[in-house]
Amino acid sequence: MLHLLPDQDVQATPTPPPPPGPGRRRSHRKVGGGLVDPKQLVASLPDAVRKLHPRVMVKHPVLFVVEVGSVLTTLSAVLEPSVFAWVISVWLWLTVIFANLAEAVAEGRGKAQAEALRRTRSTTVARRLRSWRVGIQSHDWEEEQVPATDLRPQDFVVVAAGETVPGDGEVVDGVASVDESAITGESAPVIRESGGDRSGVTGGTKVLSDRIVVRITSRPGHTFLDRMIALVEGTSRQKTPNELALNILLASLTVIFILAVVSLQPMADWAGAPQTITVLVALLVTLIPTTIGALLSAIGIAGMDRLVQRNVVALSGRAVEAAGDVSTLLLDKTGTITLGNRRAAAFVPVKGISAELLADAAQLSSLSDETPEGRSIVELAKQHGIHHSDGDFSHGRFVPFSAQTRMSGVDFAFQGDFCRIRKGAGNAVVQWVARRGGQVPEEAAWIVESIAAAGGTPLLVAIEDPDGARVLGAVHLKDVVKPGIAERFAELRAMGIKTVMVTGDNPLTARAIAAEAGVDDFIAEATPEDKLARIREEQAGGNLVAMTGDGTNDAPALAQADVGVAMNTGTPAAKEAGNMVDLDSNPTKLIDIVEVGKQLLITRGALTTFSICNDVAKYFAIVPAMFGGVAGYEGLEKLNVMGLHSPTSAIASAIIFNALIIVALIPLALRGVRYAPSSAHALLRRNLSLYGVGGLVAPFAGIKLIDLLIQYIPGI
Ligand SMILES: Nc1ncnc2c1ncn2[C@@H]1O[C@H](COP(=O)(O)OP(=O)(O)OP(=O)(O)O)[C@@H](O)[C@H]1O
Ligand SMILES: [K+]
Ligand SMILES: [Mg+2]
């Protein structure tokens, strides 16, 4: 009965690209594996000197104090010149410059990447469509040529094979293969299509085949590429709450030591050994936590940089830190765990219905279904010899798919009689039939179960006409689990992270895919609200939650999660909602993200420990020397265990060591302390002993060595 309408052209799908794989990165992304090239240090020197401007320095309270101290000692060296005063002044300035150097080197690494990205920023001319309307296909919409920089959100542009996508947006019509290597470094083309979760396109990428209409979503100057450039350059970096807290702690320590040093002078006066301003400043600088103060911002920048090297664009530093403490990972199924092209593989009719009739009804209900699933049903039906087109329904009303109803279909009149067709999730269609007084044969449930048990997604197809409502059969949608994913989920488990798959699919399909992918738990038939609720629940339990997803229906959850990783293949809404974008669209990338986050936290902790222990040790090196030989303080002489050459050489050695240790630790700050999956407790113990004891011992050896060298300088 449904075989009534002439054949018309249905869009062809380009051949899908091979699955993503490693090792096809653009070379420039691999700038510096963690080692610091001495040339980089030299190249960053001018930047380090520029950063001496007080306006920049006040942002680093500890170093600002050192800079003020440098000015004071320089003045006093000018007024009362001595070798000692000049040595101290020069090394204090070097301390500040070395600290700036750490930040400049960290920033410098991103500059090369930013340059490469800038070159890909499109200067293209866009083909803007004057009045484009969804659902009406035409090839002769009025077109105007405008510079890409003139595009505004809600503009529609057409992009054909060989042309560059002029801005970020969403494909609203057509399918195309796109070369995204300019952004992702991945040379294999990807499919971008309207309707589904693979509808996002990025400005600067290139359409290789076919023709798409794109709704622009970004404002000029605020494109994904712009944000990436700002990110790798570090210009948009803001201090994270953790960094702010640490900065406050460091600033408080500095204030305490300033008070201690200032109150020292009356005591020294009383003992008949008043100290010069140079000595007091030197004492202060050795005591305050200059090492961590100098390296703090470099550690943060380097963490972001390590993510960029792993093809993750983190839009917030806070998220990177949160990643270090994540305990639960929620993943969307289709497109995240699976490759994401759920395609119709078979029509399974119930008894008494032919496969052709089922295919016919399924195709009719999918003619206007712009989802990849819908399009694949139209194609499969064509292979069964069924050819309808949406031009056939001048009086038909299409019911688009929604994640809430989990159904799509069409209402139309046929030879005067009404006819409704629906396809969708098993229970949704069963309810639809029941509401219309129809009977659902047991067989239907059995078909649904067998498809689901195989990991497929069953879509029941039902019809209602004057004969009543009834189920015709099911469409078997197939998707493939991304290769190698189970091993990586096992790694996440070893890191103590629970993986939960959330899907709109039915429980049986969910169970089969969950088992194949090796996730710990799953939630089936989840609406966007369910996904959100689950995250809130986990967060209420004190857990930090990561979420990876690609669909518009994942967007609320991505926004709520502490770490929201959107797949680059996903929709603009998903990418907008998350705080990270994985350019490789690999859900197990979270392993790398967690590693970088943990590494960041551990590095900061280790260097803070080292810095403070260092200062304690320096205290014992410098104070006995200062008061050596002063009547009433003979006891302190016993503390001069190091047998340093003279009071002035002891103080100068401490200051020189204090400056050099910053340079020595730049590579560690940039590379990060190595992280191996183990318990937080074991890590803490290991780092405290290594960096705490190291921090206590290093100054004694270092200062003694420097003292041995500089004692030959006359006047020290
Ligand atoms: N085009 C469509 N027409 C009718 N029903 C559909 C269509 N696409 C999907 N469905 C049904 O709706 C259910 C929910 O699909 P949806 O894509 O919203 O899932 P989801 O929440 O994104 O989960 P995931 O992406 O993890 O599988 C599917 O399991 C399927 O039964
Ligand atoms: K110090
Ligand atoms: Mg989805």
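Predicted model only: the values in this text are computed from it and were never measured.

1. Section: the overall build of the chain
So, step 1. The helix and strand inventory of the chain stands at 24 helices and 22 strands.
So, step 2. For the chain, buried positions account for 55% of its 716 residues.
So, step 3. Surface accessibility of the chain: about 29600 Å² in total, with carbon and sulfur atoms responsible for 60%.

2. Some thoughts on the sheet that holds strand 5 (residues 175-179)
Strand pairing in a sheet relies on backbone hydrogen bonds, with the paired strands running either antiparallel or parallel.
So, step 1. A sheet is described by the order of its strands in space; here 3 strands give the open sequence 6-5-8, paired in antiparallel fashion. Looking along the sheet, the strands with just one partner apiece sit at the ends: strand 6 (190-193) and strand 8 (206-207).
So, step 2. Relative to strand 8, strand 5 runs antiparallel, the two sharing 2 bridges. Paired with Asp179 across the two strands is Lys206, which belongs to strand 8.

3. As for the UniProt feature "binding site: Mg(2+)" (unreviewed entry) in the chain
So, step 1. Taken from the UniProt record, the annotation "binding site: Mg(2+)" (unreviewed entry) applies to Asp550 and Asp554.
So, step 2. Checked against the element boundaries, Asp550 lands in the loop between strand 20 (544-549) and helix 19 (555-560).
So, step 3. In contact with Asp550, other than residues within four places in its own chain, are Asp197, Asp332, Thr334, Gly335, Thr336, Met567, Gly570, Thr571 and Ala574.
So, step 4. Within the secondary structure, Asp554 sits in the loop between strand 20 and helix 19.
So, step 5. Residue class for Asp554 comes out buried when judged on its relative accessible area of 0%.

4. Considering helix 13 (residues 372-383)
So, step 1. Taking 1.5 Å of rise per residue, 12 residues should cover 16 Å, and helix 13 covers 17 Å from first to last C-alpha, within 8% of that figure.
So, step 2. Of all 12 residues in helix 13, 9 are buried; the element is thus mostly enclosed.
So, step 3. Among the residues of helix 13, those classed as buried are Pro372, Glu373, Gly374, Arg375, Ser376, Ile377, Val378, Leu380 and Ala381.
So, step 4. Positive backbone phi, approximately 85°, marks Gly385, located one or two places after helix 13.

5. Some remarks on the coordination of the potassium ion (ligand 2)
So, step 1. Only Val285 (O), Thr286 (O), Ile288 (O), Thr290 (OG1), Asp615 (OD) and Asn658 (OD1) from the protein reach the potassium ion (ligand 2) as donors, at distances of 2.4 to 3.0 Å.
So, step 2. One can describe the site at the potassium ion (ligand 2) as irregular: its 6 donor atoms subtend angles covering 63 to 166° at the metal.
So, step 3. Each donor residue of the potassium ion (ligand 2) lies on one chain, and together they are spaced V-T-x1-I-x1-T-x324-D-x42-N.
So, step 4. Look at Val285 and you get buried, because its relative accessible area is 1%.
So, step 5. Residue class for Thr286 comes out buried when judged on its relative accessible area of 0%.

6. Quick word on the sheet that holds strand 1 (residues 125-129)
So, step 1. Strand order in this open sheet of 6 strands is 2-1-3-9-4-7, and the pairing throughout is antiparallel. Strands with a single pairing partner mark the edges of an open sheet, and in this sheet they are strand 2 (143-147) and strand 7 (200-201).
So, step 2. Of the pairings in the sheet, the one linking strand 4 (residues 169-173) to strand 7 comprises 2 bridges and is antiparallel in character. Paired with Glu170 across the bridge in strand 7 is Gly200.

7. Remarks on the UniProt feature "transmembrane region" (unreviewed entry) in the chain
So, step 1. Sites flagged by UniProt as "transmembrane region" (unreviewed entry) map to residues 84-102, 244-265, 277-301, 616-636, 648-670 and 690-713.
So, step 2. Overall, residues 84-102 shows 100% helix and 0% strand. The separation of its end C-alpha atoms is 27 Å.

8. Brief notes about the site of ligand 1
So, step 1. Taken together, 22 residues lie around ligand 1, and Asp332, Lys333, Thr334, Ser408 and Asp505 are the ones closest in.
So, step 2. Interatomic distance of 2.9 Å between a side-chain N/O atom of Thr371 and a nitrogen atom of ligand 1.
So, step 3. Residue Val502 places a main-chain N or O atom 3.4 Å away from an oxygen atom belonging to ligand 1.
So, step 4. Protein chains bury 97% of the 630 Å² of accessible surface belonging to ligand 1 in isolation.
So, step 5. Elements with a minimum of two residues in the shell around ligand 1: helix 11 (333-337), strand 14 (407-414), strand 15 (417-424) and strand 16 (457-465).
So, step 6. Grouping the constituent residues of the shell around ligand 1 by class yields 6 nonpolar, 8 polar and 8 charged.

9. Some thoughts on the packing of helix 3 (residues 61-79) against helix 4 (residues 83-120)
So, step 1. Their axes nearest at 9 Å, the elements helix 3 and helix 4 cross at an angle of 155°. Between helix 3 and helix 4, the crossing angle belongs to the class labelled roughly antiparallel. Relative to helix 4, the crossing made by helix 3 is left-handed. Packed against helix 3, whose contacting residues are Leu63, Val66, Glu67, Gly69, Ser70, Val71, Thr73, Thr74, Ala77 and Val78, the element helix 4 presents Ala85, Trp86, Ile88, Ser89, Leu92, Trp93, Thr95, Val96 and Ala99 at the interface.
So, step 2. Per-class residue counts for the contact of helix 3 with helix 4 are 12 nonpolar, 6 polar and 1 charged.

10. A closer look at the domain arrangement of the chain
So, step 1. Here the domain parsing of the chain yields domain 1 (126-166 + 168-217), domain 2 (326-338 + 481-589) and domain 3 (342-480).
So, step 2. For domain 1 versus domain 3, the separation of C-alpha centres amounts to 31 Å.
So, step 3. On the domain 3 side, the residues contacting the 5 residues of domain 1 number 4 residues.
So, step 4. Where domain 1 abuts domain 3, roughly 400 Å² becomes buried across the two surfaces, and 40% of that area is made up of carbon and sulfur atoms.

11. Points about the nonpolar core
So, step 1. Within the largest apolar cluster, 121 residues are counted, with the highest numbers of intra-cluster contacts made by Leu295, Ile337, Val563, Met580 and Leu590.
So, step 2. Element by element, the count of residues in this core is highest for helix 23 (residues 647-671), at 15 residues.
So, step 3. Not counting chain neighbours up to four residues away, the residues in contact with Val563 comprise Ala319, Ala322, Ala323, Val326, Val545, Ala546, Met547, Asn579, Met580 and Leu590.

12. With respect to the pairing of strand 3 (residues 156-160)
So, step 1. Burial analysis of strand 3 places 5 of its 5 residues in the buried class, the great majority of the element.
So, step 2. Bridge count for strand 1 against strand 3 is 3 bridges, and the pairing is antiparallel. The residue of strand 3 that forms the bridge with Leu129 is Phe156.
So, step 3. Of the pairings in the sheet, the one linking strand 3 to strand 9 (residues 211-216) comprises 5 bridges and is antiparallel in character. Considered in strand 9, the bridge of Val157 is made with Val214.

13. Observations regarding unusual backbone geometry
Excluding glycine, residues mostly have negative phi values, and the peptide bonds linking residues are mostly trans.
So, step 1. Residue Gln154 is not a glycine yet carries a positive backbone phi of 80°.
So, step 2. Structurally, the position occupied by Gln154 is in the loop between strand 2 and strand 3.
So, step 3. Here Ser585, not a glycine, exhibits a phi torsion of approximately 50°, which is positive.
So, step 4. Looking at where Ser585 falls in the secondary structure, it is placed in the loop between strand 22 (580-582) and helix 21 (589-627).
So, step 5. Of the residues examined, Ser585 reaches a relative accessible area of 8% and is grouped as buried.

14. Examining the packing of helix 4 against helix 23
So, step 1. Look at helix 4 against helix 23: their axes get within 9 Å of each other, and the N-to-C directions meet at 5°. Between helix 4 and helix 23, the angle is such that the two are roughly parallel.
So, step 2. Partitioning the contact of helix 4 with helix 23 into residue classes produces 21 nonpolar, 3 polar and 1 charged.

15. Some details on the side chain of Thr205
So, step 1. For Thr205, the location among the structural elements is in the loop between strand 7 and strand 8.
So, step 2. Within the local environment of Thr205, its side chain forms a polar contact with the backbone oxygen of Thr202, the two atoms lying 2.7 Å apart.
So, step 3. In this view, Thr205 contacts Glu163, Thr164, Val165, Val178, Asp179, Glu180 and Ile183; residues no more than four positions away in its chain are not counted.

Conventions adopted
- Residues numbered from 1 in each chain as written.
- Chains lettered and ligands numbered in written order.
- Predicted model: local features only at pLDDT ≥ 70, side-chain atom pairs only at ≥ 80, totals over all residues.
- Heavy atoms only, no water.
- Helix = DSSP H or I, 4+ residues; strand = E, 2+ residues; numbered from the N terminus.
- Buried < 20%, exposed > 50% of the residue type's maximum accessible area, 1.4 Å probe, protein only.
- Areas by Shrake-Rupley, 256 points an atom, 1.4 Å probe, with all protein chains shown as cover.
- Pairing = 2+ DSSP bridges.
- UniProt positions renumbered as here; feature names shortened; annotations may be inferred.
- Contact = heavy atoms within 4.5 Å.
- Expected span 1.5 Å × (residues − 1).
- Donors = N, O, S within 2.8 Å, 3.2 Å for Na, K, Ca; no water.
- Tetrahedral: all angles 85-135°; square planar, octahedral: opposite > 155°, others 65-115°.
- Near = heavy atom within 4 Å.
- Polar contact = N/O pair within 3.5 Å; in protein donor to acceptor, adjacent residues only side chain to side chain.
- Nonpolar A, V, L, I, M, F, W, Y, C, P; charged D, E, K, R; others polar.
- Axes fitted to C-alpha atoms, helices over the stretch in contact; angles between N-to-C directions.
- Parallel < 35°, antiparallel > 145°, perpendicular 65-115°, else oblique.
- Left-handed = near helix turned anticlockwise from the far one by under 90°.
- Domains from an automatic or database assignment.
- Buried area = accessible area lost by both parts, 1.4 Å probe.
- Core = buried A, V, L, I, M, F, W, Y, C linked by side-chain atoms within 4.5 Å.

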